[in-house]
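Here's the letter readout for the chains.
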Amino acid sequence: MNEGDVAVERAGGEASRPGTQHLVPPHVLAPALAAIVCLILVVIDWRVFVNTTRGQLVEEAARIGSRDARESFSGITGTLLSVVTVPALVIVVIVAVLIALAQKRWSIAIAAIVVLVGSNLTTQVLKELLNRPLDDVSEVALNSFPSGHATVAASVAATALLVLPVRWRPPVAVLGSLLAAAIGISTMIGTEATAWHRGSDVVAAMLIATLWYFLVEAVLAGLAHASGEIAAAGNPPRALMKVPLRILSTLGWLSVGLGVGALAATAVRAPISTDLGFQVAFLGSILGVAAVAFFTSALMLRLRPHHQPPLADPL
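Here's what I pulled together on the structure shown here.

Thresholds, definitions, all that
Residues numbered from 1 in each chain as written. Predicted model: local features only at pLDDT ≥ 70, side-chain atom pairs only at ≥ 80, totals over all residues. Heavy atoms only, no water. Helix = DSSP H or I, 4+ residues; strand = E, 2+ residues; numbered from the N terminus. Buried < 20%, exposed > 50% of the residue type's maximum accessible area, 1.4 Å probe, protein only. Contact = heavy atoms within 4.5 Å. Areas by Shrake-Rupley, 256 points an atom, 1.4 Å probe, with all protein chains shown as cover. Salt bridge = Lys/Arg side-chain N within 4 Å of Asp/Glu carboxyl O. Phe/Tyr/Trp six-rings, centres within 6.5 Å; stacked < 30°, edge-to-face > 60°. Core = buried A, V, L, I, M, F, W, Y, C linked by side-chain atoms within 4.5 Å.

On to the overall build of the protein chain. Tallying secondary structure elements over the protein chain gives 9 helices and 2 strands in all. Order of helices (α) and strands (β) in the protein chain, N terminus to C terminus: β-α-α-α-α-α-α-α-β-α-α. The 315 residues of the protein chain split such that 49% are buried. Pairs at least 24 apart in sequence give 86% of the contacts found in the protein chain among residues at least 6 apart. Accessible area of the protein chain: about 15000 Å², with a carbon and sulfur share of 68%.

Applying the stated criterion across every chain yields a total of 1 salt bridge. Here Arg63 and Glu60 are joined by a salt bridge, their closest N and O atoms 2.9 Å apart. Residue Arg63 and its partner Glu60 are both found in helix H2 (residues 53–83); the two are separated by 3 residues, about one turn of the helix. Relative accessible area serves as the criterion here: at 14%, Arg63 is assigned to the buried category.

Let us now look at the packing of aromatic side chains. In this structure the tally under the stated criterion is 3 aromatic pairs. The interplanar angle of 85 degrees and the centroid separation of 5.2 Å between the aromatic rings of Tyr213 and Phe214 together place this pair among those described as edge-to-face. As far as burial versus exposure is concerned, Tyr213 and Phe214 are alike and both buried. Considering the side-chain rings of Trp253 and Phe295, the 5.1 Å spacing of their centres and the 70 degrees angle between planes classify their relative orientation as edge-to-face. With Trp253 in helix H8 (residues 238–269) and Phe295 in helix H9 (residues 275–302), the pair connects residues that are 42 residues apart, well separated along the chain.

With that settled, the discussion passes to the nonpolar core. Leu162, Val163, Met206, Tyr213 and Val289 are the most contacted members of the largest nonpolar core, which totals 57 residues. Examining the composition of this core, we find that 13 residues originate from one element, helix H7 (residues 199–226), more than from any other. Excluding anything up to four places from it in sequence, Met206 contacts Ala154, Ala180, Ala181, Val289, Val292 and Ala293. In terms of nonpolar packing, the next biggest core, distinct from the first, is built from 7 residues, Val84, Leu89, Ala153 and Ile183 among them.

Along the chain, the position of Asn51 falls in the loop between helix H1 (26–49) and H2. In this structure the C-alpha to C-alpha distance between Asn51 and Arg132, which are 81 residues apart in sequence, comes to 7.2 Å.

Next up, the structure:
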């Protein structure tokens, strides 16, 4: 087996520790808990920014603050958003399945479809089911939670981590976080005259995609355990992990520190009535989105896939 490939050994082998039993195996529990945390954060996001007047005031200030960015970057954001289409998503599904099948990883091929379809279907269902309370604080009263475009980008990034060979995952995690953040922020800037989405819409989209990733990983790990197999050493070599994780965590904490400060200042002063206040609110919103993109990618990279090894050498 090549270095960095997922090593799976039969129960009772070197990967198991005699006398150690767990009600839920750690390699099943870790992704399951991560999925639960993502679900809780989606609910908190919805409750705070969509269902409270204060949260709506913060996001309305950020929406107004996006106008200057739209005047400068609408051409770039328009180009990025034009790539996110249903045909493009279908192509991604096909490519992901082919990559998995080329490695004879049949379960991962199915998992890739589940992550992509499940994430985007969940977003569309929530758009229909959820209503936006009208507190007379926004010029745009329509529900936009979660963002469909951001869900596509985040689910594509998550699927890449799922299907690619282990040694490719560290750089892909960094690139995927940047892609998800760029598409998400582009929906907040929008094109021409209006922004499409609020920051809470984008954050929810990223968390939904991450949730499906970890749900799939938990199921795969559970199936492997039920068949008498124990996953071990699924991460890339530590040397390959160190730099990408440091990059993601550093960018994440910087974004959190600056973003929380800007959003807190906006919440305390809301309703906002100055151009500077609107710009601070928008900056805080995009930094919050960036932080979620970096941290979810780091978490998906750190909590390695726990599934059976490919039956052929990785690509």
